[in-house]
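Reading the structure
The chain contents come next:
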Amino acid sequence: MPALHYDVAVIGLGAMGAATLYQLARRGVHAIGIDRFAPPHDQGSSHGDTRITRQAVGEGAAYVPLVIRSQQIWRELEAELDVSLFEQCGVLVMSSGEPAAPQHGIADFTRQTIALGKAYGIPHEVLNAEQIRGRFAQFAGLEDNAVGYFEPGGGYVKPERCIEAQLTLARQLGAETLTGAVVSQLQSDNGEVTISTETHTVRAGKVIVCAGMWSAELLGAPFDTLLTVCRQNLYWFKLAEPSVFPPNSPTFILAHGPGEDDNCYGFPPIAGEHSMKVACEQRAVVTTPEAVNRQVSPAESDAMFSAHLAGKVGGVTSQVLKTAVCTYTLTPDYGFIIDQHPHLENVTVVSACSGHGFKHSAAIGEALAQQCVDGKSAIDLSAFSLRRFA
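Residues numbered from 1 in each chain as written. Predicted model: local features only at pLDDT ≥ 70, side-chain atom pairs only at ≥ 80, totals over all residues. Heavy atoms only, no water.

**Some remarks on unusual backbone geometry**
Operational definition: Comment: elements are numbered from the N terminus, with helices defined as DSSP H or I runs of at least four residues and strands as E runs of at least two.
Between Pro-39 and Pro-40 the backbone carries a cis peptide bond, its omega angle lying at 0°. As for its placement among the helices and strands, Pro-40 is situated in the loop between strand 2 (31-35) and strand 3 (51-53). Geometrically, the link from Ala-221 to Pro-222 is a cis peptide bond, its omega value of 0° lying close to zero. Among the structural elements, Pro-222 can be located in the loop between helix 6 (215-219) and helix 7 (223-226). Positive phi values are uncommon outside glycine, yet Asn-248 reaches one of about 60°. With respect to the element layout, Asn-248 can be found in the loop between strand 13 (228-239) and strand 14 (251-255).

**Observations regarding the packing of aromatic side chains**
Spelled out, the test is: Each Phe, Tyr or Trp ring, with Trp reduced to its six-membered ring, pairs with another whose centre is within 6.5 Å; inter-plane angles below 30 degrees give stacked pairs, above 60 give edge-to-face pairs, and intermediate values give tilted ones. Summary of the burial criterion: residues with accessible area below 20% of their type's maximum are buried, those above 50% are exposed, and those between are partly exposed, where the area comes from a 1.4 Å probe applied to protein chains only. Only when the NZ of Lys or the CZ of Arg is both within 6 Å of the ring centre and within 35 degrees of the ring normal is a charge said to sit over the ring.
On inspection of all chains with the given rule, the structure shows eleven aromatic pairs. With a centroid separation of 5.8 Å and an interplanar angle of 20°, the aromatic rings of Tyr-235 and Phe-237 are classed as stacked. Side by side, Tyr-235 and Phe-237 carry an identical accessibility label, which is buried. On the basis of an interplanar angle of 35° and a centroid distance of 5.5 Å, the ring pair of Phe-336 and Phe-384 is categorised as tilted. One end of the pair, Phe-336, is in the loop between strand 18 (316-330) and strand 19 (338-340); the other, Phe-384, is in the segment after helix 9 (361-374), and 48 residues separate them in sequence. By relative accessible area, Phe-384 is classed as buried at 2%. One aromatic cluster in this structure is built from Tyr-63, Phe-336 and Phe-384. Above the plane of the ring of Tyr-334 lies Arg-283, whose end atom (NZ or CZ) is 4.5 Å from the centre. Its guanidinium or amino end placed over the ring of Trp-236, Lys-322 lies 4.3 Å from that ring's centre, counting from NZ or CZ.

**Concerning the domain arrangement of the chain**
Inclusion rule: Domain extents, as shown, originate in an automatic or database domain assignment. We call two residues in contact whenever any of their non-hydrogen atoms come within 4.5 Å of each other. Note on definitions: buried area is the accessible-area loss of two parts on being combined, 1.4 Å probe, summed for both. Any Lys or Arg side-chain nitrogen found within 4 Å of a carboxyl oxygen on Asp or Glu counts as a salt bridge. Each residue receives one of three labels: charged for Asp, Glu, Lys and Arg, nonpolar for Ala, Val, Leu, Ile, Met, Phe, Trp, Tyr, Cys and Pro, and polar for the others, Gly being one of them.
Domain boundaries in the chain define domain 1 (4-47 + 159-227 + 333-389) and domain 2 (91-152 + 228-330). Using C-alpha coordinates to define each centre, domain 1 is positioned 30 Å away from domain 2. Each partner contributes residues to the interface: domain 1 has 19 residues there, and domain 2 has 18 residues. Note on domain 1 versus domain 2: buried area summed over both sides is about 1,400 Å², and carbon and sulfur give 52% of it. Summed over the shared surface of domain 1 and domain 2, the number is zero salt bridges. A per-class count over the side of domain 1 that touches domain 2 returns seven nonpolar, nine polar and three charged.

**Topic: the environment of Gly-266**
Locating Gly-266 in the fold gives a position in strand 15 (residues 263-266). With a relative accessible area of 0%, Gly-266 lands in the buried category. Here the alpha-carbon distance between Gly-266 and Arg-51, two residues 215 residues apart in the chain, equals 9.2 Å. Those residues in contact with Gly-266 that lie beyond four places of it in its chain are Ile-52, Thr-251, Phe-252, Lys-277 and Val-278.

**Some points on the pattern of salt bridges**
Counted by the stated rule, this structure contains 13 salt bridges. As a salt-bridge pair, Asp-49 and Lys-322 come within 3.0 Å of each other at their nearest N and O atoms. Residue Asp-49 is located in the loop between strand 2 and strand 3, and its partner Lys-322 is located in strand 18; the two are separated by 273 residues in the primary sequence. With relative accessibility at 28%, the residue Asp-49 sits in the partly exposed group.

**Notes on the side chain of Thr-20**
Among the secondary structure elements, Thr-20 is positioned in helix 1 (residues 15-26). Discounting residues that sit within four places of it in the chain, Thr-20 has contacts with Val-10, Ile-208, Gly-365 and Leu-368.

**Observations regarding the pairing of strand 10 (residues 183-189)**
Quick reminder of the rule: Here, any two strands with at least 2 DSSP bridges between them count as paired.
As defined by bridge partners, strand 10 adjoins strand 11 (residues 192-197) across six bridges and the pair is classed as antiparallel. In the strand pairing of strand 11, Gln-185 is matched with Ser-196. The hairpin formed by strand 10 and strand 11 contains two residues between the paired strands, and Asn-190 there has a positive phi angle of roughly 55°.

**A short note on helix 1**
Note the threshold: What a helix should span is 1.5 Å times the count of its residues minus one.
End to end, helix 1 covers 17 Å across twelve residues, agreeing with the expected 16 Å (1.5 Å per residue, within 8%). Within helix 1, eleven of the twelve residues are buried, leaving the element largely enclosed by the surrounding structure. Those residues of helix 1 not exposed but buried are Ala-15, Met-16, Gly-17, Ala-18, Ala-19, Thr-20, Leu-21, Tyr-22, Gln-23, Leu-24 and Ala-25. Residue Gly-28 follows helix 1 closely and has a positive phi angle near 75°.

**A look at helix 5 (residues 159-172)**
Compared with the 20 Å implied by 1.5 Å per residue over 14 residues, the 20 Å span of helix 5 between its first and last C-alpha is a close match. Taken as a whole, helix 5 has its buried residues at Pro-159, Cys-162, Ile-163, Ala-165, Gln-166, Leu-167, Leu-169 and Ala-170. Phi turns positive, to about 110°, at Gly-174, one or two residues after helix 5.

So, in C-alpha cells, the structure goes:
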C-alpha cells in the first residue's frame, strides 16, 4: 500500500492528541490523527465522565497559564457546538491534619495552591475548618486545624465530550483520522518521519506523539526509563438519604493525613446519578499497557471507603454503584514532558501528564499547533523540557 503523506501526524487522540489535531486543523494544516482505538475510549487516561479543573494549580506556576487558556477554549467549543463541556461549580482544596500530606511531590499542596492564587490574582477564598463545615456539610468531619482554598472559577470538565468535540471539529476542518491502528515504529530520515502500522505507512514532515502509557515502548530511550505507568481506580459511591450536599457543591481535593497516600479527590453528585465519584492517587503498584487489570475488586472498594471517606467525607454510603480503571503515566518529578525527541528528528513528545493533564490539554494542543505553524507558542512550555532529567 502506498504511503499517506501529511504535514503533521498526531499519534494518540486522547486529551492532548485530540486538542492538538483540532488546533492544527484550525490553522489549515494538512494533518492526520492516529489512535489504536476509536476515541473517545476508556482504555487510557482520558475518561471517567469528569475531571477537575482549577486555575491555581498547586503542582507549579508553569501550569497556571495553560489551565486558564484551556478554560477559555472549553467555552469557545461550547458556543460553537452547543454542548456542555465545563461545569463551573467551584473547587475546594483542603488539608486536614498536621503535617499536611504531600501531593505530586509538593510538601504542602494546599498552601502552595493558596500562594499561587494570590500571586496570579485568581479569585478565591481561604477558609478555616469552621467556615468549611458551615458551608459544605459533607466535610463536617474535618479536623479543627484544617485549611481550605475555595476557587469559584474551578469545577470539572467532561473528558469524553471534550475529546469528541475537538475531533468532530478537526474532521470538519479537514483533518483525517486513522483509528484502530497500532503504531509499531517511528523512523526519521531526510527531514521526514515514517510511521508504520500493520495496515498503513504514513509519512509526515512533523510528528507529535501523545501516546500516554504506550509512549515508553514506542519512543525508546530515554522515555523507557523515565516513564512509569500506574493503575488508578475510580469509584461512584451511592448517596446517603437525605442528601447533605448543598446545591452547587464543588469538586474537592482533600489531604487528610501525613502520608503521600492520605489524600483523595471527588466531585459533586450529578443530577439523576444518585452517586458521588471519588478517587485517590497511588504510585506503588506499577503496571504495563498489556497488564492493566481493568476490574476493581470489592476489597478495593471497601478499602477506598474505609481509608478516604468514612469519618472524612459525609453524604455517601459504602455501596458502590460503578467503578472504572484508568492509568497515570508518571515522570520522576510528576511534571509533564513536552519536548523534541532527542534521537528522532522532527518528533515532538507530549507525555507524560502524571495524572493532572486533562485540565491543561486544550491550551497545550493550541501551543503545539502554534509551534508547528509559527515556530513558537504564546505560552512558555520550557518548564516541561527533558533537560531537567539530564
